[in-house]
Amino acid sequence: MDTAFIILSLITVGGAVWAVTLRNLMHAVLSLVLFFFGIAGFFFYLNADFVGWVQILVYVGAVAILAIFAIMLTHNLTAEDEPEFFSLRWLTGLAVAGAVGAVLWFAIKNNTAMSQVAPVGVASNVADIGRKMMTDWVVPFEVVSLLLTAALIGSIVIAMEQISHRK
Amino acid sequence: MEPTTHIPWIASRLWLIPLLPFLAGGVSALLPRRYRKLSAGLAIGAIGISTLLSFCALAESILRGLQPHAGQQWSAMQTHEVWHWLTEFTWFSYGTTSLKMGFVLDPLTAAMVIMVSFVSMLIFIYSLGYMDRDKNFTRFFTFLSLFAGAMLGLVVANNLLLFFACWELVGLASYLLIGFWYHRPSAAAAAKKAFLVTKLGDIGFFAGLLWLYHATGTLQFYTPDHTGALEQATALAGLPGIMGLSLAGTIALLIFCGAVGKSGQWPLHVWLPDAMEGPTPVSALIHAATMVAAGVFLVARTYPLFQASPQVLTLVAWIGAFTAVMAATIAVAQNDIKRILAYSTVSQLGYMVMGLGVGGMAAAMFHLLMHGFFKALLFLGAGSVIHGCHNEQDVFKMGGVKKHMPLTFWTYIVGTLALAGIFPLAGFWSKDEVLTAAFNWGSGWFHKGPFVLGCIGVFLTAFYMWRQVCLVFLGEYRGDKAKAGHKHVGHEEAETQHETVPGAPHESPTVMTVPLIVLAIFSAFMGFSGLPEHANLIHHFLNPEHAPHNVNWFVIATASALAFAGLGLGHLLYGLKPLAADEPDPLKAKLGKLREFCRDKWYWDEIYEATVVRFANIASVVVDFGDRLLDGATVGLGLLARGLSLINDKFDERAINRCFDGGCGSVRLMGRCFAALQDGRVQSYLRLVAVAAALLAFWFFLK
Amino acid sequence: MTTLAHFQILASLLFAIGLFGAVTRRNAIIVLLSIEIMFNAANLSLVAFWRYSPHPEQLSGVMFAIFGIAISAAEAAVGLALVIVIYRYYKSIQVDEMRTLKG
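Residues numbered from 1 in each chain as written. Chains lettered and ligands numbered in written order. Predicted model: local features only at pLDDT ≥ 70, side-chain atom pairs only at ≥ 80, totals over all residues.

**Structural notes on the overall build of chain B**
Check the secondary structure of chain B and you find 31 helices and two strands. A total of 703 residues make up chain B; the buried ones form 54% of that total. Restricting the contact set of chain B to residue pairs at least 6 apart, pairs at least 24 apart contribute 76%. (Helix = DSSP H or I, 4+ residues; strand = E, 2+ residues; numbered from the N terminus. Buried ≥ 20, exposed ≤ 12 C-beta atoms within 10 Å, placed from the backbone. Contact = placed C-beta atoms within 7 Å.)

What follows is the structure in structure tokens.
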């Protein structure tokens, strides 16, 4: 374990914990941005530069901004009626998440292949990714492009319909 | 099958037979309501071509059967060889294994597919007339096509999973069709009941399917290299299963659960009579060609598994025999023309299942095929009567219909005599085959029991059918002539009704009578394909390995005598002195309480009601005390619900209380369990999914 | 040296945190964002597997991660649009109140 890993872990875990616990929605989103940056940092650390940039563009640039817009459009800056710390609901959530986490941890611990160290010289460059995307992965690529178009139109239609109803 | 054998083109294109009705159904699903002719034309055209293809398949199979076997003298189709034509395709592959699907053409398929498609076609044509005035005509033909397509798919499948998929599609189509007049609460309830009751059996079937896959690693029935699931039956017989049965027996028992549900055997027969709520052509389709035949066909298809386990076969025989007599006694005391036929179907299915149980697979299939013809005939005839009598279904309000509907009358007589088993109609030969198989089953009272029950059933069958004929067709019309025409105006069924002159019954249009005549001809003469002894073509065709039974004059004489006795008694009670209007059933005086017991269907519905309600009460107490141990087959589900409700009870007490307190009183078992899970909160679902995934993964690692 | 197990444990931890938020919080926006955290945890796991795989030249993990990001972006867009519509309808975005599909 090296320092970079520890620092990035602290950033991501801290951002994630704040994001799911803070009551002020704006603060939660900002912690989430921190988390997204941490994950992007991990992608750079793992030599997956392209994924890291995509991560920043899509999550920080789009998803987080969308979330902020959603918060503002719903006039809802602080979350009301959120469960108290150590309330029953809170403990259930902890138990459920703990159970899933424990199973994952159990699976990882019992797998010998997990203890290997990183091979050297593994990198991904954009040209390779582009070539793969247009050859082996062309069908998923097209499907995802359709999906994105559908999502784009879908979000507009969902939001539009209500506006026309109100008129 | 030797690899050099030429595979005829129809065997490799067998998938066309189910595909065409599916396509027709799909296209007419997209048609607007006003394209009535196009939709009906598509449906009938598709099933017509399927019938032609089925005929080709049958012809090819017969030719194949005629080929002399190597080293053996040619003699009247006795090849003593089991053969299949297979087509395989890979559905998907994961890693090194792949899931194969396929179609099979063998004698069983060939015989079944022609009956299903031919009878379906006639019923489709008949529906043209019967559903004439229904405003959802297009939708009706869509569902009919789906129904027929699913059934044909099931017949040609060479894979238990494909079989199961089509099986469930049949269930879905039956749900849609029984509930076709969904605005009637009774129809909606009947559809739901049919769906849920058959699903109970399907749980067993699915468990059997999974177990079979686990044990054999394949779900193909037959494979070219003889490693199909059925071809490993003998190996499975050597492995231990549960409850002292062999593994083959266990799987056969589970699969039989599915057949019990679908083919309306006791104790899951309760849905079949209620299914009468659907339009009459649907009843005919369900009772003759498709739905209920599927169960018997399933057992016939997986017969090697059953043969490997004598205990299961014994159980099958007794369930069949018991169902045959029980349903026949109920039919004796019914008043609704369609309900009498419905219980008659349950009873006849009992015969088929009994035939399977006593080892007469060919006999049972023969009876299934013949029954398909004459029961379709009877239902369509009943539909014609109902149509002609202005949607009257009570036989005590009919009478004298013979004068007004001569064609319907004569064809109905043919169907009745065929069902009663009168020489030389179809039912005589097939019922005789089944009874002979039962007679030869073994010695001792235990093995003769099914035969005796079967003989009682023959008597009852003849009696209730003749009772029905006398009440409906003979005597004077007992309906209220003046009001008959107006009676149902505004009634829910009015949309199917012809605007006729009020009063006397009338003959149905040609489009309805022609199928009746065709079916009557088949019911009369098809029986000759299964003459006893060496001339038994069907037997040689379906089951070449076993020689058919010799003529058993004792069985023939007993069955015929009992059938004539039944007819005679029926005529004595109902025929000699026709009932006047409002006169009570003569049986009422003679049988008293016993008749009420039969009329009320042996109180099966009430028994289930009582057990379900009591169960609900117990469960609510149990829930209140936090000790939710659900019994029987629901233990798994119950434990899941229990774990969840424990969590929910503590943390979301309001939701859980409302669900359980509100649900416990009235909602049935399944509904209640699932209602508890479905509190409408997406996060509860997520919680459940997460916990379940964790548990599954944990169990996987521990294993 | 950092091993694959470190990354996978971290990814599981993040996944569990996201799951905790998704089942605990009542605010629909936070629930959606928690689901994004779970997506990111999965992507991290995939990229780490790619980094440690014997055939990195096939770029499978990277491709998976890119498609995962694209799909979660679509999900976020539709999800947040739904949140806005639900707010207009219920005047609230408390997930507890959306229970019309109660069985």
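**Points about the overall build of chain A**
A tally of regular secondary structure across chain A gives six helices and zero strands. Moving toward the C terminus, one meets the helices and strands of chain A in the order α-α-α-α-α-α. Buried residues in chain A amount to 29% of all 167 residues. The long-range fraction of contacts in chain A, counting pairs at least 24 apart against all pairs at least 6 apart in sequence, stands at 52%.

**Here's the deal with helix α2 (residues 28–52) of chain C**
For α2(C), with 25 residues, the first-to-last C-alpha span of 37 Å sits near the 36 Å given by 1.5 Å per residue. Within α2(C), 22 of the 25 residues are buried, which leaves the element mostly enclosed by the surrounding structure. (Expected span 1.5 Å × (residues − 1).)

**Quick notes on the interface of chain B and chain A**
Taken residue by residue, the interface counts eleven residues in chain B and ten residues in chain A. Ranked by the residues each element gives to the side of chain B that touches chain A, the list is headed by helix α31 (residues 682–702) of chain B, at eight residues. Considering only residue class, the side of chain B that touches chain A consists of nine nonpolar, no polar and two charged. (Nonpolar A, V, L, I, M, F, W, Y, C, P; charged D, E, K, R; others polar.)

**Here's the deal with the interface of chain C and chain A**
In this complex, chain C contributes 61 residues to the contact, which on the side of chain A involves 72 residues. Every element with two or more residues in the side of chain C that touches chain A is listed here: α1 (4–24), α2 and α3 (60–90) of chain C. Per element, the largest residue contribution to the side of chain C that touches chain A is 21 residues, and it comes from α3(C). Of the residues that constitute the side of chain C that touches chain A, the class distribution is 44 nonpolar, twelve polar and five charged.

**Observations regarding the environment of A:Leu8**
Residues and elements named next belong to chain A. Along the polypeptide, Leu8 turns up in helix α1 (residues 3–21). For Leu8, a count of 19 C-beta atoms within 10 Å translates into the label partly exposed. Taking the C-alpha atoms as reference points, Leu8 and Tyr45, separated by 37 residues in sequence, lie 9.3 Å from one another. Not counting residues up to four positions away in its chain, the partners in contact with Leu8 are Gly38, Gly41, Phe42 and Tyr45.

**Observations regarding the packing of helix α9 (residues 247–262) of chain B against helix α12 (residues 291–301) of chain B**
All names here are of chain B. The geometry of α9 relative to α12 is characterised by a closest axis approach of 7 Å and an angle of 160° between their N-to-C directions. Relative to α12, α9 is oriented roughly antiparallel. In this structure, the crossing between α9 and α12 has a hand that is left-handed. Facing α9, whose interface residues are Ile255, Phe256, Gly258, Ala259 and Lys262, α12 presents Met291, Val292, Ala294, Gly295, Val296, Leu298 and Val299. (Axes fitted to C-alpha atoms, helices over the stretch in contact; angles between N-to-C directions. Parallel < 35°, antiparallel > 145°, perpendicular 65-115°, else oblique. Left-handed = near helix turned anticlockwise from the far one by under 90°.)

**Structural notes on unusual backbone geometry**
Of note, A:Asn47 is a non-glycine position whose phi angle comes to about 65°, a positive value. You can see A:Asn47 is positioned in the loop between α2 (25–45) and α3 (49–73).

**Considerations on the nonpolar core**
Counting residues in hydrophobic clusters, the biggest one holds 218 residues, and the most contacted among them are B:Phe147, B:Val296 and B:Ala376. One finds A:Phe36, B:Val691, C:Leu14 and C:Phe39 within the second-largest nonpolar core, a separate group that totals 81 residues. (Core = buried A, V, L, I, M, F, W, Y, C linked by C-beta atoms within 7 Å.)

**A word on the packing of helix α15 (residues 337–357) of chain B against helix α16 (residues 361–388) of chain B**
Residues and elements named next belong to chain B. Running from amino to carboxyl end, α15 crosses α16 at an angle of 175°, the nearest separation of the two axes being 9 Å. Classed by the angle they form, the pair α15 and α16 counts as roughly antiparallel. Residues Ile337, Lys338, Leu341, Thr345, Gln348, Tyr351, Met352, Gly355 and Leu356 of α15 pack against Met361, Ala363, Ala364, His367, Leu368, His371, Lys375, Leu378, Phe379, Ala382, Val385 and Ile386 of α16. Of the residues that constitute the contact of α15 with α16, the class distribution is 14 nonpolar, five polar and two charged.

**Observations regarding the environment of C:Ala42**
Positionally, C:Ala42 belongs in helix α2. Classification of C:Ala42 by C-beta neighbours within 10 Å gives partly exposed; the count is 18.

**Quick notes on the confidence of the model for chain B**
When pLDDT is low, close inspection of the predicted coordinates is not appropriate. Residue and element names in this part refer to chain B. On average, chain B scores 75 in pLDDT, and the residues at 70 or more come to 72%. Within chain B, the lowest mean pLDDT, 44, falls on helix α21 (residues 481–487), and the highest, 88, falls on helix α5 (residues 137–156). Across residues 662–667, where pLDDT falls below 50, the model places ten contacts with residues more than four positions away in sequence or in other chains. (pLDDT = per-residue confidence, 0-100.)

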